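For reference, the chains in residue letters:
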Amino acid sequence: MDRTIDHVAFGGTELYELRAAANEVGLTPTYGGEHGTGTTHMAVVPFPDGSYLELIAPTLGTDAEVAGFWPDYLAADAGPAAWCLETDDAADSAKTAIDAGLPVDGPHEASRARPDGRLVEWDMCFEGTDQRLPFFIRDRTPREYRVPSAVRNAAVRGLRTVVVATADREATAALFARRHRYPSPVDINGPFSEFAVVPGTPLALCEPGDGALKERIEEVGEGPCAFLVGVTDLDRARNSLSLGPEIRYSDRRMAWFDHDLFDGRLGVVELP
């Protein structure tokens, strides 16, 4: 199976709104600069385990519909847009996807100019026809150029779960089994109906009925709809993070960040 999450992308039309929301709930974003395409810029929320949340939006004067990364998600202020795994060899990851019968876009060279003038460079590769599958990244420059050090927090560990909204949970589970050899999902009580986790992986699946998730799939397609950060103890996490009401997550607890931009889309879950 593949490694834990490298980072996730949370998109919108205005980066300052995303950064302000993150600050309000106790997260600390660092402006990361403009991407090499010139159409998007981002901020990084690093976590102690090395993973990070990327807040991404169009640059000033750029229409979201023509942004270089996930334009449909940015234009819709959809929040969760993509998730990423690290690889030692982007070309080999692409070959593995092709061998699994998947269309591949990449590897592509990409870059970002930090505010201090340092250039961050990497290779990235996208797979599939929608956003359900993670993309892969391989650093060309040292990883610490891309990911700043995180503020130590005894309760917070890092990105734990990507929840993928899908119109057909069985078909999506089969896709991950074919590409990543993920096991079958297991139903649990969680934040969405028809909710299941895939044991030993960072993946959870939900299949919407009528309502907001169905509308989301109709607007931006199948893909991530929520990200969960792992914490050692929910009560302890509330000392530094602004969180909403407690929700059962199997035999554990979780909560959404207490902000309209993050409610139902970014939260924390207790580690087992």
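Bear in mind the structure is a predicted one, so any value in this text is a computation, not a measurement. (Residues numbered from 1 in each chain as written. Predicted model: local features only at pLDDT ≥ 70, side-chain atom pairs only at ≥ 80, totals over all residues. Heavy atoms only, no water.)

Participant: Talk me through the overall build of the protein chain; I want residue IDs and the actual numbers.
Facilitator: What the protein chain contains, in helices and strands, is 7 helices and 16 strands. Against the compact-globule benchmark of 19 Å for 272 residues, the protein chain has a radius of gyration of 17 Å, which places it among compact chains. In terms of its C-alpha atoms, the protein chain occupies a principal-axis envelope of roughly 45 × 45 × 30 Å. Out of the 272 residues belonging to the protein chain, those deemed buried represent 53%. The contacts in the protein chain between residues at least 6 apart in sequence include a share of 63% that link residues at least 24 apart. A total of about 11900 Å² of accessible surface is found on the protein chain, and carbon and sulfur atoms cover 44% of it. Across the protein chain, 26 positive and 44 negative side-chain charges occur, with their mean positions spaced 7 Å apart. (Helix = DSSP H or I, 4+ residues; strand = E, 2+ residues; numbered from the N terminus. Rg over C-alpha atoms; globule rule 2.2 N^0.38 Å. Buried < 20%, exposed > 50% of the residue type's maximum accessible area, 1.4 Å probe, protein only. Contact = heavy atoms within 4.5 Å. Areas by Shrake-Rupley, 256 points an atom, 1.4 Å probe, with all protein chains shown as cover. Lys, Arg positive; Asp, Glu negative; His and termini not counted. Charge placed at Lys NZ, Arg CZ, Asp CG, Glu CD.)

Participant: Can you tell me about the state of the cysteines, naming the residues and giving the values?
Facilitator: Enumeration over the complete set of coordinates arrives at 0 disulfides. Take Cys84: it sits in no disulfide, and the sulfur closest to it among the cysteines is that of Cys125, at 11 Å. Under the relative-accessibility criterion, Cys84 is labelled buried at 0%. Free cysteine: Cys206, not disulfide-bonded; nearest cysteine sulfur from Cys225 at 3.8 Å. Accessibility expressed as a relative area gives 0% for Cys206, which makes it buried. (Disulfide = S-S within 2.5 Å.)

Participant: Just give me the short version of the sheet that holds strand β5 (residues 79–86), but keep the residues and values in it.
Facilitator: On the basis of which strands lie adjacent, the closed barrel formed by 8 strands has the order β1-β4-β3-β2-β6-β7-β8-β5 and mixed pairing. Neighbouring strand axes in the sheet, compared pairwise and without regard to direction, differ in orientation by 35° on average. Sheet topology places strand β3 (residues 40–46) next to strand β4 (residues 52–58); 7 bridges connect them, and they run antiparallel. The residue bridging Val45 from the neighbouring strand is Leu53, located in β4. (Pairing = 2+ DSSP bridges. Axes fitted to C-alpha atoms, helices over the stretch in contact; angles between N-to-C directions.)

Participant: Could you give an account of the packing of aromatic side chains, naming the residues involved and the relevant values?
Facilitator: We describe a pair of aromatic rings using the distance from one ring centre to the other and the angle between the two ring planes. Summed over all chains, the structure comprises 10 aromatic pairs. Residues Phe10 and Phe262 carry aromatic rings whose centres are separated by 5.3 Å and whose planes lie at 75° to one another, so their mutual orientation is edge-to-face. Note that Phe10 is positioned in strand β1 (residues 5–11) and Phe262 in the loop between β15 (252–256) and β16 (266–270), a separation of 252 residues in sequence. With a centroid separation of 5.8 Å and 40° between ring planes, the pair formed by Trp70 and Phe135 is classed as tilted. Of this pair, Trp70 sits in the loop between β4 and α2 (71–75) while Phe135 sits in strand β8 (residues 135–139), placing them 65 residues apart in sequence. With respect to burial, Trp70 and Phe135 carry one shared label: buried. Taken together, Phe69, Trp70, Phe126 and Phe135 form an aromatic cluster joined through their ring pairs. (Phe/Tyr/Trp six-rings, centres within 6.5 Å; stacked < 30°, edge-to-face > 60°.)

Participant: An account of the sheet that holds β16 is needed here, citing residue identities and associated values.
Facilitator: Read across the sheet, 8 strands follow the order β10-β11-β12-β9-β13-β16-β15-β14 without closing on themselves; strand pairing throughout is mixed. Of all the strands in the sheet, the pair left with one neighbour each is β10 (186–187) and β14 (247–249). Two strands pair when backbone bridges link them, and β10 and strand β11 (residues 195–197) are joined in this way by 2 bridges, in the antiparallel orientation. When the sheet's bridge partners are listed, Val186 is paired in β11 with Val197. Its contacts with the sheet put helix α5 (residues 169–180) on β10, β11 and β12 (203–206), and the angle it makes with β12 is roughly 160°. Sitting on the sheet, helix α6 (residues 212–220) touches β9 (156–165), β12 and β13 (223–231), and the angle it makes with β13 is about 125°.

Participant: Could you give me a rundown of the pattern of salt bridges, with the residues and numbers involved?
Facilitator: Going through the model one piece at a time under the given rule, you end up with 17 salt bridges. For the salt bridge of Glu109 with Arg140, the shortest nitrogen-to-oxygen distance reads 3.3 Å. Of this pair, Glu109 sits in strand β6 (residues 104–113) while Arg140 sits in the loop between β8 and α4 (143–146); the two residues are 31 residues apart in sequence, bridging distant segments of the chain. Under the relative-accessibility criterion, Glu109 is labelled exposed at 65%. In this structure, Asp233 engages Arg253 in a salt bridge whose closest nitrogen and oxygen atoms are separated by 3.9 Å. (Salt bridge = Lys/Arg side-chain N within 4 Å of Asp/Glu carboxyl O.)

Participant: Pulling in residues and values, what's your account of empty space enclosed by the protein?
Facilitator: If you walk through the whole model with that rule in mind, you get 1 cavity of 30 Å³ or more. Here the largest cavity defines a volume of roughly 110 Å³. Along the walls of the largest cavity sit 13 residues, with His7, His35, Tyr52, Glu54 and Trp122 positioned nearest its centre. Counting residues per element, the ones that place at least two in the lining of the largest cavity are β4, β7 (119–127) and β8. Per-class residue counts for the lining of the largest cavity are 8 nonpolar, 2 polar and 3 charged. (1 Å grid on protein atoms, 1.4 Å probe; cavity = no way out; pocket = protein on both sides within 12 Å on 5 of 7 lines; lining within 4 Å. Points joined across faces, edges and corners; volume = space filled by probe spheres on them. Nonpolar A, V, L, I, M, F, W, Y, C, P; charged D, E, K, R; others polar.)

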